[in-house]
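Results of the structural survey
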Amino acid sequence: MPAAKLRYARLLALAVPAALLGGAYLGQYGFGLYPCEMCWWQRYPHFAALGFAALAYVVPARSRNLVALAAMSIIASGLIGAYHAGVEYHWWQGLTACTAPAAPDAGGSALDAILNAPLVRCDQVQWQLFGISLAGYNFLISLGAGLVIFRLLADGERAGG
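Heads up: these notes are all about the structure in this document. (Residues numbered from 1 in each chain as written. Predicted model: local features only at pLDDT ≥ 70, side-chain atom pairs only at ≥ 80, totals over all residues. Heavy atoms only, no water.)

With that out of the way, let us pick up the packing of aromatic side chains. Counted according to the given criterion, the structure contains 3 aromatic pairs. A centroid spacing of 5.2 Å and a plane angle of 45 degrees characterise the contact between Tyr89 and Trp91, whose relative ring orientation is tilted. Taking the relative accessible area as the measure of exposure, Tyr89 reaches 26% and is therefore partly exposed. The class for Trp91 is exposed, based on a relative accessible area of 60%. Here the basic side chain of Arg10 rests over the ring of Tyr57, its NZ or CZ set 4.4 Å away from the ring centre. Geometry around Tyr25 places Arg43 over its ring, the cationic atom sitting 4.4 Å from the centre. (Phe/Tyr/Trp six-rings, centres within 6.5 Å; stacked < 30°, edge-to-face > 60°. Buried < 20%, exposed > 50% of the residue type's maximum accessible area, 1.4 Å probe, protein only. Lys NZ or Arg CZ within 6 Å of the ring centre and 35° of its normal.)

Here Ile75 lies in helix 3 (residues 63-88). Relative accessible area serves as the criterion here: at 15%, Ile75 is assigned to the buried category. Expressed as a C-alpha distance, the spacing of Ile75 and His46, which sit 29 residues apart in the sequence, is 9.1 Å. Not counting residues within four places of it along the chain, the set of residues in contact with Ile75 comprises Ser142, Leu143, Gly146, Leu147 and Phe150. (Helix = DSSP H or I, 4+ residues; strand = E, 2+ residues; numbered from the N terminus. Contact = heavy atoms within 4.5 Å.)

Between side chains of opposite charge, a pair can form when the charged atoms approach closely. On inspection of all chains with the given rule, the structure shows 2 salt bridges. A salt bridge links Lys5 to Asp155, with the nearest nitrogen and oxygen atoms 3.5 Å apart. Taken together, the positions of Lys5 in helix 1 (residues 2-31) and Asp155 in helix 5 (residues 134-158) put the pair 150 residues apart, joining distant regions of the chain. Asp155 sits in the buried class, given a relative accessible area of 17%. As a salt-bridge pair, Asp155 and Arg151 come within 3.2 Å of each other at their nearest N and O atoms. On the criterion of helical spacing, the pair formed by Asp155 and Arg151 is a turn pair, its members being 4 residues apart in helix 5. (Salt bridge = Lys/Arg side-chain N within 4 Å of Asp/Glu carboxyl O.)

With respect to the secondary-structure elements, Gln42 resides in helix 2 (residues 37-58). A polar contact is formed between the side chain of Gln42 and the side chain of Asn138, at a distance of 2.8 Å. Those residues in contact with Gln42 that lie beyond four places of it in its chain are Ser77, Ile80, Gly81, His84, Ala135 and Asn138. (Polar contact = N/O pair within 3.5 Å; in protein donor to acceptor, adjacent residues only side chain to side chain.)

Turning to the nonpolar core, a few remarks are in order. Counting 17 residues, the largest nonpolar core has Ala9, Ala13, Val67, Ala70, Ile74, Ile149 and Leu153 as the members making the most contacts within it. Of all the secondary-structure elements, those providing two or more residues to this core are helix 1, helix 2, helix 3 and helix 5. Here this core takes 6 residues from helix 3, the largest share from any one element. Aside from chain neighbours lying at most four places away, what touches Ala70 is Ala13, Ala49, Phe52 and Ala53. (Core = buried A, V, L, I, M, F, W, Y, C linked by side-chain atoms within 4.5 Å.)

In short, the description is geometric, and any link to function would need to be established separately.
What follows is the structure, encoded as structure tokens:
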């Protein structure tokens, strides 16, 4: 049973950041939800978590430690998401910088691309469901998943795995 808990933790550590990054890129390229600076900050720990979780499959002797690092990275992304959600809901002041995706179309002018690019502010919610923004969902999912991964690791350790 302990090995099964480690397998579940390892799978979760790989699946959660892959799903959240997949959703972020689907929103960006499929629905035009361009990321602000803090949105990017939330992606970086998920990339790290993917790397740690993938290494856990390659280096089974260090699997438990690598899965724990992945879980910490997932939780870090969630905490950044909590901060970002607070900025979006105007609970506290965040960044004042805006980001703009500026890439010229084939044959287009780079200056036109920059001048016509939409500005994305970190303090404005681009999309929400049930009053929760994407940053808020990242917080809820990432924190929950990270805690579940740590619980699976602890249960496996107690059972002798």
